[in-house]
Amino acid sequence: MKRIIVAFLCIGAAYCLQASDPAALQLASAAQVTGSGVFLQQLVTSGEPLPNVRLCDAPAVGATVELSRAQINDLLAAAAPAWVTTNWAGADTVRVLRRSRTLNEADMLALLTARLQQDFVKDQGDLELNLSEPWNPPVLPDEPLTVKILEAPASGVAPLFIVRFQLCTATGTVGTWGVSLRAHIWRDVWVAHSDLVRGESAADADIVRDRRDVLSTHAPLADFSPGDTTLELAGSVSANNILLARDFKLRAVIRRGQVADAVVADGALNITMKVEALEDGAPGQMIHFRNPTSQRSLTGKVLDEHTIQVSL
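Scope of this entry: the structure provided in the associated data block. Computed from a predicted model, the values in this text were never measured in an experiment.

Procedures and definitions
- Residues numbered from 1 in each chain as written.
- Predicted model: local features only at pLDDT ≥ 70, side-chain atom pairs only at ≥ 80, totals over all residues.
- Heavy atoms only, no water.
- Salt bridge = Lys/Arg side-chain N within 4 Å of Asp/Glu carboxyl O.
- Helix = DSSP H or I, 4+ residues; strand = E, 2+ residues; numbered from the N terminus.
- Buried < 20%, exposed > 50% of the residue type's maximum accessible area, 1.4 Å probe, protein only.
- Pairing = 2+ DSSP bridges.
- Axes fitted to C-alpha atoms, helices over the stretch in contact; angles between N-to-C directions.
- Contact = heavy atoms within 4.5 Å.
- Arc of directions from axis to C-beta.

**Overview of the pattern of salt bridges**
Considering all chains together, one arrives at 16 salt bridges under this definition. Between Arg 101 and Asp 107 there is a salt bridge, with its nearest N and O atoms 3.5 Å apart. Where Arg 164 meets Glu 151, a salt bridge forms, and the shortest distance between an N and an O atom there is 3.4 Å. Remark: Glu 151 occurs in strand S11 (residues 146-151) and Arg 164 occurs in strand S12 (residues 160-169); sequence separation between them is 13 residues. Overall, Arg 164 belongs to the partly exposed group, its relative accessible area being 32%. A relative accessible area of 46% means that Glu 151 is categorised as partly exposed. Bridged by salt links that share partners, the residues Glu 232, Lys 249, Arg 251, Arg 255 and Asp 280 form one connected network.

**A few points about the sheet that holds strand S2 (residues 30-33)**
Strand order in the open sheet made by the 3 strands is S2-S7-S5, with mixed pairing throughout. The sheet is open, and its two borders are formed by S2 and strand S5 (64-68), each paired with just one other strand. Between one strand axis and the next, the sheet turns by 25° as a mean value, whatever way the strands run. By the bridge criterion, 5 bridges tie S5 to strand S7 (residues 93-98) in an arrangement that is antiparallel. Within the sheet, the bridge partner assigned to Glu 66 lies in S7 and is Arg 95. Set on the sheet, helix H3 (residues 69-79) makes contact with S5 and S7; between it and S5 the angle comes to about 85°.

**Comments concerning the side chain of Thr 113**
For Thr 113, the position within the fold is in helix H4 (residues 105-121). Thr 113 sits in the buried class, given a relative accessible area of 17%. Among residues more than four places away in sequence, those in contact with Thr 113 are Leu 127 and Leu 129.

**What to know about H3**
Three or more residues of H3 are buried, namely Ile 72, Asn 73 and Leu 76. One face of H3 carries all of its buried residues, which in axial projection span an arc of 100°. Opposite its buried face, H3 presents the exposed residues Asp 74 and Ala 78, each directed more than 90 degrees away. Of the surrounding secondary structure, the elements contacted by the buried residues of H3 are strand S1 (25-27), helix H2 (40-43), strand S4 (54-56), S5, strand S6 (88-90) and S7.

Function cannot be read off these values alone, since they describe shape.
In structure tokens form, the structure reads like this:
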């Protein structure tokens, strides 16, 4: 009976000693890492919280490195001596490889489009890019990528152009490429729905808003609110053409040959005379007019559809 009790106590003591040991760290057989390095918690599959200990550099994309338990302990001894342990479980060696992905054409164009939009196109419209030649998808780190433009046309984005660029991660450059691109810049613009004639009001003209490629349109675009009665066509415009700022001018309220009141102000003295306008004029514009009595030509500022202000 005594022997049974002694044996039971020994088993209990051994169990208590084992339970007090630190939990074993379960090593994974393989681990994927980023360019920031190899960290302890990436090699261990146990659920216990581990410190953010960097053990060594990450392998290059496509390369692998194998870390044994002894090597991991050596690395821990240098980085975090308090975590050196012999209580390992799981794999004897961890195969470490760099997390990677294939950069397809769509993803590459999306990166380039965002960078060129920000650096060159800005608020001119929405940039669309397409490749002029096949793309050979490279294998790159599966990490956030940024684009650095190395060479582009001095004039910026063109309908057909070549650009050289680098792709970078947070830890360095991953490669340099050159591609030939076709580009469009899409924008909602005013378009002549039918043939327009000189003198038509912008409010009455047959014009519509349409989404067009404006990359080859270098002149300023027409920009006004629908129903604007202050503008008129400066000349004729053919149907389906994009309307430019130069296609419009302020709507004349005084027409050539019209009789208007010319007002001369000299202090408290105001003199009004009937004159003949020699050219069209919008409010605020300076035009020439003629005194029908003296046949003298003068210049004044159009105030409204009936009045021209003469400055002495």
